[in-house]
Amino acid sequence: MTGRDDEIARLRRVVERERQARREAEQIAERAIARLYRTLEATEQEHATLRAVAASATHDIKNPLSTISGFAKLLDARQIEEPLLTEILGRLVASTDYTIELIDGLLEVLAAGTVAGRTATTDLDPVIEQVASELRARHPEARLVGEPVGKVAMAAVDAHRLLDNLAENAARHAGVPSVRITVEVLQRNPEEVTLRVGDNGVGIDEADRDRVFTIFQRGLDKARGTGTGVGLALCRRLVEAVGGALWLDESPSPEGGAAFLLRLPVPAEDTG
């Protein structure tokens, strides 16, 4: 091979390295652009969710505020006789306290799920045990039992809030004297785990199935429980913040009552 051939071969290698470097740079740019688009889509979806939550909450918060305003106007106009004054003042205090609960609940839902929580890892099994113990303290006739779940990609504080709210929802609304809540593992793979959280209660009325995750919506049969209707809306926010999903199972739980299906991401290093 002549010196000229050597030079041509060298130039070809240089050109090929430049082409390879350009291809790698283009691939890096494409991946970065794809991540940017995914981030923008997630941000737009998050904004849409927040707008929907705020719109729904605003409507519900107006109701007790209207009550407060109406009674305050009567008091200001001196149109309430002395025997009713104590009752009216009591109702004003109750409406004020309820409004504060609603606002606190709204803030809790809007703040649910942090960026840090998306990269955290939590062993769900001790969380289930802790929630079960706390549930018994609040509701002596309620029991929470669960299969071994393992690790999920979620902050421990959010995992606790999630399971605690699901368990509390069942304990309050199951409509049976002794509530049994179960956590089952339906599927697990290297990317996610799907759980079913069910109870032995009377289930969820057909008319309420589309509204159970809407903030401040407590269902048509409000006599079966108390609260502001924040719990399930908060649960969904916590799950979606880490890229998971929470929805109502169309079929009854094995215990015969309501069942929620819960899909959570699994840490990359944890394959089951």
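Residues numbered from 1 in each chain as written. Predicted model: local features only at pLDDT ≥ 70, side-chain atom pairs only at ≥ 80, totals over all residues. Heavy atoms only, no water.

1. Quick notes on the nonpolar core
To keep it simple, the criterion reads: Residues belong to one nonpolar core when they are buried, are Ala, Val, Leu, Ile, Met, Phe, Trp, Tyr or Cys, and are joined through side-chain atoms within 4.5 Å. Per-residue accessibility, obtained with a 1.4 Å probe over protein chains only, is compared with the maximum for each type, and a residue is labelled buried under 20%, exposed over 50%, and partly exposed between these values. Helix and strand assignments follow DSSP, with helices taken as H or I runs no shorter than four residues and strands as E runs no shorter than two, numbered in order from the N terminus. We call two residues contacting when some pair of their heavy atoms lies within 4.5 Å.
Among the nonpolar cores identified, the biggest contains 39 residues, and L124, L144, M154, L162, I181 and L264 are the most heavily contacted of them. Of all the secondary-structure elements, those providing two or more residues to this core are α3 (124-138), β2 (142-146), α4 (156-173), β4 (179-188), β5 (192-199), α5 (231-241), β6 (245-248) and β7 (259-265). The greatest single-element share of this core, amounting to 7 residues, is contributed by α4. Sequence-distant contacts of I181, defined by excluding residues within four places in its chain, comprise L135, R143, L144, V145, A167, A170, A171, V197, G198 and D199.

2. Some thoughts on the side chain of T182
The residue T182 is located in strand β4 in this model. Overall, T182 belongs to the buried group, its relative accessible area being 9%. For T182, the contacting residues outside a window of four places in its chain are V145, R196, V197, G198 and E255.

3. Topic: the pattern of salt bridges
Test applied: What counts as a salt bridge is simple: a side-chain nitrogen of Lys or Arg found within 4 Å of a carboxyl oxygen of Asp or Glu.
Under the counting rule described, the total for this entry stands at 8 salt bridges. One salt bridge in this structure joins E168 and R138, with 3.0 Å as the shortest N-O distance. Of the two residues, E168 is situated in helix α4 and R138 in helix α3; the sequence distance between them amounts to 30 residues. Relative accessible area serves as the criterion here: at 38%, R138 is assigned to the partly exposed category. It is possible to trace a salt-bridge network through shared partners that takes in R138, D164, E168 and R172.

4. Quick word on the environment of V145
Its place among the elements puts V145 in strand β2. Residues V145 and V131 lie 14 residues apart in sequence; the distance between their C-alpha atoms is 9.9 Å. Setting aside chain neighbours within four positions, we find V145 in contact with R180, I181, T182 and V183.

5. Notes on the packing of α3 against α4
Applied cut-off: A fitted line through C-alpha atoms represents every axis, and for helices the fit uses only the stretch in contact; the resulting angles, taken between N-to-C directions, go from 0 to 180 degrees. An angle below 35 degrees is read as roughly parallel, one above 145 as roughly antiparallel, one from 65 to 115 as roughly perpendicular, and any other as oblique. Should the near helix be turned counterclockwise from the far one by less than a right angle, the crossing is left-handed, whereas a clockwise turn marks it as right-handed. For this classification, Asp, Glu, Lys and Arg are treated as charged, while Ala, Val, Leu, Ile, Met, Phe, Trp, Tyr, Cys and Pro are nonpolar and the rest, including Gly, are polar.
It is at 9 Å that the axes of α3 and α4 come closest, and there the two elements cross at 40 degrees. When the axes of α3 and α4 are compared, the pair comes out oblique. Seen along the crossing, α3 lies across α4 with a hand that is right-handed. Along its contact with α3, which presents L124, V127, I128, Q130, V131, E134, L135 and R138, the element α4 presents A159, H160, L163, D164, A167, E168 and A171. Class assignment for the residues of the contact of α3 with α4 results in 9 nonpolar, 2 polar and 4 charged.

6. Here we look at the confidence of the model for the chain
For clarity, the threshold we go by: Looking at any residue, its pLDDT shows the predictor's confidence there, from 0 to 100.
Across the chain, the average pLDDT comes to 77, with 71% of residues at or above 70. Long-range and interchain partners of residues 218-228, a stretch whose pLDDT sits below 50, account for 25 contacts in this model, where long-range means more than four residues apart.

7. Quick word on the sheet that holds β5
We count it as follows: At least two DSSP bridges between two strands are needed for those strands to be called paired.
Ordered by their spatial adjacency, 5 strands build an open sheet running β2-β4-β5-β7-β6, and the pairing between neighbours is mixed. Pairing within the sheet leaves two strands with one partner each, and these edge strands are β2 and β6. Adjacent strand axes in the sheet meet at a mean angle of 20 degrees, parallel and antiparallel pairs treated alike. Across 7 bridges, the pairing between β5 and β7 is antiparallel. Each bridged residue has a counterpart across the sheet, and for G198 the counterpart in β7 is A259.

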